[in-house]
Amino acid sequence: MTNGHDTHSHIVPIKVYLLVYVALLVLLVATVGAAYLPGHHTLLNNVIALTIAVIKAVLVILYFMHVRYSTRLTWLWASAGFFWLLIMFILTLGDYFTRHWVPVLGWE
Amino acid sequence: MSVAVAKHGEVKHNYLNAGDTVLSWLLTTDHKRIAVLYLVSVTLFFAVGGLLALLIRLELLTPQGDLMTSENYNRVFTMHGVVMIFLFLIPAIPAVLGNFLVPLMVGARDLAFPRLNLASWYVYMAGGLIATWAMVNGGVDTGWTFYPPYSSSYSTSQVTLTIIGAFLIGFSSIFTGINFIVTIHKMRAPGLTWFRLPLFIWAHYATSVIIVLGTPVVAITLLLVAVERVFRLGIFDPALGGDPILFQHLFWFYSHPAVYIMILPAMGVISEVVACFSRKRVFGYHFVAFSSVAIAVIGFLVWGHHMFTTGQSVYAGMVFSLLSFLVAVPSAVKVFNWTATMYKGHIEFRAPMLYVMGFLGLFVIGGLTGLFLASLATDIHLQDTYFVVAHFHYIMVGGTIFGYLAGLHFWWPKMTGRMYPEGIAKLAALIIFAGFNLTFLPQFVLGYLGMPRRYHWYPEEWQMLHVMSSAGAALLGIGYILPVFYLLWSLRNGALAGPNPWGATGLEWKTDSPPITHNFEETPIVTEEPYAYENHHQQEEVASGTGASTAEA
Ligand code: HEM
Ligand SMILES: [Cu+2]
């Protein structure tokens, strides 16, 4: 609450960054590889690709963006972003999933 | 208090005379100077948007589309919307008044990230110049809403460039939002607890939440339109396998909350001014504070009310309609509380207060007509008519611009050290009020009768209403030009203001006008609730015979 900054500057060892970087590269290869699996275009394939993407995003947020070492307030804000994403998905899908409940002449 | 000015005269150091080279302005990290940079820029863009509006009203004087081709008419109203929304209404209050006042009000020396603040202005200018470049090189004709597939596949206008401009401007407001959030969390003066914060700060906090959580979505969505347009990648265009309604979801996910980005800061201004010129604390402080937060959150749940007739599921429509009615509640809470604040107050009819009273009436009309539009059945009749145009102008012009002008006059003495001339300022406020209503009241009737928006041909029998509207616009134009002149005039000739010409509470009034570069000689310590007008009447009596406030103690 003072004008000085009370942040605890946590020094992250370079090794951690390098490890995360390697992990991201491995996951990148995995994404590309998964696209060549037989039956790409299937639902399963999408699930695999998205799962890998989420893991990558979490790594970036936690380590490269320092959220792991940050205050609770930062955690709150980071989660708010995902909560808002959820709002977007739920209300948008609420439209898509109910659009055909009322039969419309000429549709399908 | 006024001694400070009297004793040292005009040689006293302040942020304005802290350097007078062009570079000292262009490279400044002082939030107050950046606010001035923004003030000049948004005023210029407002003039551009205003001229485009006058072109629209000139065209609509006659039932025939005789002043310009339909293609050009499309461009004119689109550019009016793009300039007014992205380049004026969204940045106006936060980037000018907010920038200037947030650090002062929380008792800090500057915003948390001064260089990010300067970067925000540069990014804004880059976006604004790109959008201007697009305007003079063919313009845009999609409407400010950029709906595909027209925008992505058919329009031959400068859609991509304009989108890049809007994208950049979005980032400038994200920078501002981040700065406000961190400053309000981290840099409050000792003793300044959350519930001692001025409501202007609460409003800007809520606005920043919306900006930070919503703007990235519209930025990416618009970029996707550009991607579809340039690379023919099917995202929104059905011919390419896309879904145009998906665009509408993503666009309005931001753009409905964006209307609150435009109105919440104005509401913050209203709370400050109404308390000061009623000489009372704001009625129901906690309710007004939390209603800002409620608006920020619930405002994200209602976007589908723009899509009742565009192919959205009726069930989603019902949910969005219900939620839209809910979001009106916190807005109404504020209006009732401001009215209750004025009740039995010692009301002073200064120019800012006139704008506040205009705001109250016009915002109620704008908000209530929003409920007409949020009702599924009536919206079928009203969607895409002038009723919608009138609705949002009542809020954005009658609300946001009135709030902006109220704030600009109220804090003008703080920003410049000079009083504006009261008489002519009041006259301008009255002209603006009259011109505004003459412009937009007939548009409710036109819309109800079926006049669609975005067309320049219309049946003869509506001409009278259109003529009234155009006449009002001319009057409104005069009303807006007046402040430009008398405010500039006051820079040299206005009476010296002294630190606190209104006898107002709040930390920004406890330092010089104009403030020194680091705002306060020493960090202030806060020991009392906000708006303690009734506790100590006129403790901060003002001298210098400036037409300064001397409400009866
Ligand atoms: C009381 C809360 C409000 C409600 C319930 C409401 C409701 C609505 C609805 C249902 C529409 C869609 C009309 C249609 O296209 O058929 C609409 C349009 C609009 N509203 Fe509001 N509104 C509210 C407050 C606001 C505020 C505070 C602003 C601005 C600061 C605003 C600005 C707009 C704009 C710009 C549009 C037109 C968008 C376009 O170009 O299509 N509204 N409103
Ligand atoms: Cu809306």
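**Q** Explain the overall build of chain A here, please?
**A** Per the secondary structure count, chain A includes 3 helices and 0 strands. Taken from the N to the C terminus, the helices and strands of chain A come in the order α-α-α. Relative to its 108 residues, chain A shows a buried fraction of 19%. Intrachain contacts of chain A at a sequence separation of at least 6 include 56% that bridge at least 24 residues.

**Q** Any chance you could explain the interface of chain B and chain A here in plain terms?
**A** Put simply, an interface is often sized by how much accessible area is lost when its parts join up. Contacts between the two partners involve 32 residues from chain B, matched on the other side by 20 residues from chain A. For the pair chain B and chain A, the summed buried surface comes to about 2300 Å²; carbon and sulfur atoms form 69% of the total. The largest contributions to the chain B side of the interface with chain A come from Lys-186, Leu-213 and Tyr-315 of chain B, which together make up 23% of the buried area. Counting across the interface, chain B meets chain A through 0 salt bridges.

**Q** Help me understand the nonpolar core, please; the structure alone is not making it clear to me.
**A** Leu-97, Phe-359 and Tyr-404 of chain B are the most contacted members of the largest nonpolar core, which totals 179 residues. Ignoring anything within four residues of it in the chain, the contact list for Leu-97 of chain B reads Ala-92, Val-102, Phe-200, Val-269, Tyr-404, Gly-407, Leu-408 and Met-415 of chain B. In this structure, Val-20, Leu-27, Ile-52 and Leu-59 of chain A belong to the second largest nonpolar core, which totals 6 residues.

**Q** Explain the site of ligand 1 here, please?
**A** All names here are of chain B. Taken together, 22 residues form the shell around ligand 1, and within it Trp-144, Asp-379, Gln-383, His-391 and Arg-453 come nearest. Asp-379 is positioned such that a nitrogen or oxygen atom in its side chain is 2.5 Å from an oxygen atom of ligand 1. Within the side chain of Arg-453, an N or O atom sits 2.8 Å from an oxygen atom of ligand 1. Listing elements by their share of the shell around ligand 1, those giving two or more residues are helix H9 (244-278), helix H11 (314-342), helix H12 (351-374) and helix H14 (386-416).

**Q** Is there a simple way to explain the coordination of the copper ion (ligand 2) in this structure?
**A** All names here are of chain B. Looking at the copper ion (ligand 2), one finds its protein donor set to be His-256 (ND1), His-305 (NE2) and His-306 (NE2), positioned 1.9 to 2.0 Å from the metal centre. Along the chain, the residues donating to the copper ion (ligand 2) are arranged with the sequence spacing H-x48-H-H. In this model, the copper ion (ligand 2) sits 4.4 Å from the iron atom of ligand 1. With His-256 in helix H9 and His-305 in the loop between helix H10 (285-298) and H11, this residue pair connects regions lying 49 residues apart in the sequence. Residue classification places His-256 among the buried residues on the basis of a relative accessible area of 6%. With a relative accessible area of 16%, His-305 lands in the buried category.

**Q** Help me out: how do you make sense of the environment of His-518 of chain B in this one?
**A** One can find His-518 of chain B in the segment after helix H16 (463-493). Along the primary structure His-518 of chain B and Tyr-15 of chain B are separated by 503 residues, whereas in three dimensions their C-alpha atoms are 8.1 Å apart.

**Q** What am I meant to see in helix H4 (residues 70-106) of chain B here?
**A** Each turn of an α-helix holds 3.6 residues, which means side chains three or four residues apart point in the same direction. Residues and elements named next belong to chain B. Given a rise of 1.5 Å per residue, 37 residues ought to cover 54 Å, and the 51 Å separating the end C-alpha atoms of H4 matches this to within 8%. Remark: the principal bend of H4, roughly 60°, maps to Pro-91. With respect to burial, H4 is a largely interior element, 33 of its 37 residues being buried. Two residues or fewer past H4, Gly-107 is found with a positive phi of approximately 75°.

**Q** I would appreciate a short explanation of the side chain of Asp-110 of chain B in the present structure.
**A** Residues and elements named next belong to chain B. With respect to the helices and strands, the residue Asp-110 is situated in the loop between H4 and helix H5 (114-136). Put simply, Asp-110 is tucked away with no salt bridge, and the nearest opposite charge, on Lys-32, sits 6.1 Å away. At 3.4 Å, the side chain of Asp-110 and the backbone nitrogen of His-31 are in polar contact. Every residue in contact with Asp-110, bar those within four places of it in the chain, is listed here: Thr-29, Asp-30, His-31, Pro-103, Thr-183, Met-187 and Asn-519.

**Q** Mind showing me how you'd approach the domain arrangement of chain A here?
**A** As assigned here, chain A comprises domain 1 (12-65) and domain 2 (71-98). On a C-alpha basis, the centroid separation for the pair domain 1 of chain A and domain 2 of chain A is 22 Å.

**Q** Mind showing me how you'd approach the packing of aromatic side chains here?
**A** Geometrically, a pair of aromatic rings is defined through the distance of the ring centres and the angle of the planes. Counted by the stated rule, this structure contains 46 aromatic pairs over all chains. With a centroid separation of 5.7 Å and an interplanar angle of 70°, the aromatic rings of Phe-83 of chain A and Trp-84 of chain A are classed as edge-to-face. Since its relative accessible area comes to 45%, Phe-83 of chain A is described here as partly exposed. For Trp-84 of chain A, a relative accessible area of 10% translates into the label buried. Where Phe-167 of chain B meets Phe-171 of chain B, the ring centres are 5.1 Å apart and the plane angle is 45°; that geometry is what we call tilted. Of this pair, Phe-167 of chain B and Phe-171 of chain B both sit in helix H7 (residues 159-186), 4 residues apart, which is roughly one turn of the helix. Each residue in the set Tyr-355, Phe-372, Phe-387, Tyr-394, Phe-402, Phe-436, Phe-440 and Phe-444 of chain B is aromatic and connected to the rest through ring pairs, giving one cluster. Residue placement shows Arg-33 of chain B over the ring face of Trp-25 of chain B; its charged tip is 4.0 Å from the ring centre.

**Q** In this structure, what is going on with the coordination of the iron atom of ligand 1? I would like to understand it.
**A** Ideal values differ by geometry: the angle at a metal is 109.5 degrees with four tetrahedral donors, but 90 or 180 degrees with six octahedral donors. The protein gives the iron atom of ligand 1 a lone donor atom, His-391 of chain B (NE2), placed 2.2 Å from the metal. Along the chain, His-391 of chain B turns up in helix H14.

**Q** What am I meant to see in the side chain of Ser-469 of chain B here?
**A** Residues and elements named next belong to chain B. Note on placement: Ser-469 falls in helix H16. A polar contact of 2.7 Å, which involves the side chain of Ser-469, links it to the backbone oxygen of Thr-439. Beyond its immediate stretch of four places on either side in the chain, Ser-469 contacts Arg-57, Leu-438, Thr-439, Pro-442 and Gln-443.

What counts and what doesn't
Residue positions are given per chain, counted from 1 along the sequence in the order it is written. Key to labels: chains lettered from A, ligands numbered from 1, both in the order written. Reporting in this predicted model follows two pLDDT cut-offs: at least 70 for local features of residues, and 80 or more for side-chain atom pairs to be given and counted; totals over whole chains, interfaces and linings ignore these cut-offs and use all residues. Note that water and hydrogens are dropped before the side-chain values are worked out from all heavy atoms of the structure. In this text, helices come from DSSP runs of H or I with a minimum length of four residues, and strands from runs of E with a minimum of two, each type numbered from the N-terminal end. Buried means the residue's accessible area, taken with a 1.4 Å probe over protein chains only, is under 20% of the maximum for its type, while exposed means over 50%, and partly exposed covers the values in between. Residue contacts are counted whenever heavy atoms from the two residues lie within 4.5 Å of one another. By definition, the buried area sums, over both parts, the 1.4 Å-probe accessible area that each loses when the two are put together. Take a side-chain nitrogen of Lys or Arg and a carboxyl oxygen of Asp or Glu: if they are within 4 Å of each other, that pair is a salt bridge. Nonpolar cores were defined as sets of buried Ala, Val, Leu, Ile, Met, Phe, Trp, Tyr and Cys residues, with membership established by side-chain atoms within 4.5 Å. Here a residue counts as near a molecule or strand whenever at least one of its heavy atoms sits within 4 Å of it. We define a polar contact as two N or O atoms separated by no more than 3.5 Å, with the added condition that, inside protein, one atom must be a possible hydrogen donor and the other a possible acceptor, whereas residues neighbouring each other in sequence contribute only through side-chain atom pairs. Think of the donor list as every N, O and S atom within 2.8 Å of the metal, or within 3.2 Å for Na, K and Ca; water never makes the list, so a site can look incomplete. The span one expects for a helix is its residue count, reduced by one, times 1.5 Å. In this scheme, the bend at a residue equals the angle between the axes fitted to the seven residues that finish there and the seven that begin there. Charge convention: Lys and Arg are scored as positive, Asp and Glu as negative, and His as well as the terminal groups of each chain are ignored. What fixes the domain bounds is an automatic or database domain assignment. Under the pairing criterion, centres of Phe, Tyr and Trp rings, with the six-membered ring standing for Trp, must be within 6.5 Å; the plane angle then separates stacked pairs below 30 degrees from edge-to-face pairs above 60, leaving the rest tilted. Here, a charge over a ring means that NZ of Lys or CZ of Arg falls within 6 Å of the ring centre while also lying within 35 degrees of the ring normal.

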